[in-house]
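Summary of structural features
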Amino acid sequence: MVVNVAIVGVGLVGSEFIRQVLTTQSKKIAVVAVANSRQMLISSSPLTASWKDELSSGAATKPFTLEAFTSSLAASKASHPTVVLDCTSNETVAAYYPTWIEAGFHVVTPNKKAFSGDLALYKKIKELSSQPGSPLVYHESTVGAGLPVINTLNDLVNTGDKIVKIEGIFSGTLSYIFNNFSTLDTNAKPVKFSEVVTVAKDLGYTGSDNIIAFTTERFPSPLIIQGSGAGAAVTAFGIYSDILKIAERTQH
């Protein structure tokens, strides 16, 4: 069964996710709605590569509000499972997750706000998504972009392993900045901190890896996950993977 995907936030990550879905010609995912902070485009059929033009032209769009976006998706939920993908970093959007779950929508997001902010919001999301038959919530890409950090940690804990410590380099941005601002090469030309930050931004926070080491009772020699922890391509990959998991779990 095809899973419909409605995206809030179509900047670098959201656009890259759509590109990956269209490139792979996925038979399991159909992007049927996109929205930015001003307007939204809702379609009864999968969007094509012309979606940016359609969204910017305004011909088939409507003004965006979270309420209008949610109500417009109600019809699609009747025929296909629907995932709301939040690719913003907006607290107001994150606070809307319980409403989406209660409306029967699955939620996937790289937005950290719901999982590192207000504890009451986090508990509400966990409560609603933990009930039998409730919509699913996946947020692997909130940590380490596309790296399997959360899934690995959950697998360790759920199988009864005991975590001794977690350590590593958790910010690709800071890793890039520190590696390039300070060097052991005495012949290297000094650079300004602001210049290094600018380059890191221009590169999409990519040039260095995240490294996460899990030391547990079963893995006294740490289980290590290493790879690019930022950037649109790998973040979109993590999102894509999460939505495919939902597609597999909602097959009838």
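No experiment lies behind these values; they were computed from the predicted model shown.

What follows deals with the pattern of salt bridges. Per the counting criterion, the structure on display carries two salt bridges. The partner of glutamate 16 in a salt bridge is arginine 19, and the shortest N-O contact between them spans 2.9 Å. Pair noted here: glutamate 16 and arginine 19 are both in helix 1 (residues 12-24), with a separation of three residues, about one helical turn. For the salt bridge of lysine 165 with glutamate 167, the shortest nitrogen-to-oxygen distance reads 3.7 Å. In this structure lysine 165 comes out as partly exposed when scored by relative accessible area, which is 42%.

An order of 8-9-10 is seen for the three strands of this open sheet, with the pairing classed as antiparallel. Pairing within the sheet leaves two strands with one partner each, and these edge strands are strand 8 (163-169) and strand 10 (223-228). Strand-to-strand twist of the sheet, defined as the mean angle between neighbouring strand axes without regard to direction, takes the value 10°. Sheet topology places strand 8 next to strand 9 (residues 209-216); six bridges connect them, and they run antiparallel. By the bridge assignment, glycine 168 is partnered in strand 9 with isoleucine 212. Sheet contacts for helix 9 (residues 149-158): strand 8, strand 9 and strand 10; angle to strand 9, the most-contacted strand, approximately 5°.

Our focus in this paragraph is the packing of helix 1 against helix 12 (residues 232-249). Running from amino to carboxyl end, helix 1 crosses helix 12 at an angle of 60°, the nearest separation of the two axes being 8 Å. With respect to helix 12, the element helix 1 is oriented oblique. As helix 1 runs across helix 12, the sense of the crossing is right-handed. Of the residues in helix 12, those in contact with Leu12, Val13, Glu16, Phe17, Gln20, Val21 and Thr24 of helix 1 are Ala232, Ala233, Thr235, Ala236, Phe237, Ile239, Tyr240 and Ile243. Grouping the amino acids of the contact of helix 1 with helix 12 by side-chain chemistry returns eleven nonpolar, three polar and one charged.

Attention now moves to the confidence of the model for the protein. Looking at the protein, pLDDT values average 90 and 94% of them are 70 or higher. Summarising per-element confidence for the protein, the mean pLDDT is lowest in helix 4 (residues 74-79) (71) and highest in strand 6 (residues 106-108) (98).

Time to look at the sheet that holds strand 7 (residues 137-138). As summarised here, the arrangement of the seven strands in space is 4-3-2-1-5-6-7, forming an open sheet in which the pairing is mixed. Looking at which strands have only one partner, the edges of the open sheet turn out to be strand 4 (62-63) and strand 7. Contacts from helix 12 reach strand 1 (3-8), strand 2 (29-35), strand 5 (82-86), strand 6 and strand 7 within the one sheet, and its direction differs from that of strand 6 by about 160°.

Our focus in this paragraph is the pairing of strand 5. Strand 5 sits mainly inside the fold: five of its five residues count as buried. Residues of strand 5 alternate between two faces, with Thr82, Val84 and Asp86 on one and Val83 and Leu85 on the opposite face, all of them buried. Judged from the five bridges that link them, strand 1 and strand 5 form a sheet pairing that is parallel. Within strand 5, the residue paired with isoleucine 7 across the bridge is leucine 85. One ladder, built from three bridges, connects strand 5 with strand 6; its direction is parallel. Opposite valine 83, over in strand 6, you have histidine 106 as the bridge partner.

What counts as what
- Residues numbered from 1 in each chain as written.
- Predicted model: local features only at pLDDT ≥ 70, side-chain atom pairs only at ≥ 80, totals over all residues.
- Heavy atoms only, no water.
- Salt bridge = Lys/Arg side-chain N within 4 Å of Asp/Glu carboxyl O.
- Helix = DSSP H or I, 4+ residues; strand = E, 2+ residues; numbered from the N terminus.
- Buried < 20%, exposed > 50% of the residue type's maximum accessible area, 1.4 Å probe, protein only.
- Pairing = 2+ DSSP bridges.
- Axes fitted to C-alpha atoms, helices over the stretch in contact; angles between N-to-C directions.
- Contact = heavy atoms within 4.5 Å.
- Parallel < 35°, antiparallel > 145°, perpendicular 65-115°, else oblique.
- Left-handed = near helix turned anticlockwise from the far one by under 90°.
- Nonpolar A, V, L, I, M, F, W, Y, C, P; charged D, E, K, R; others polar.
- pLDDT = per-residue confidence, 0-100.

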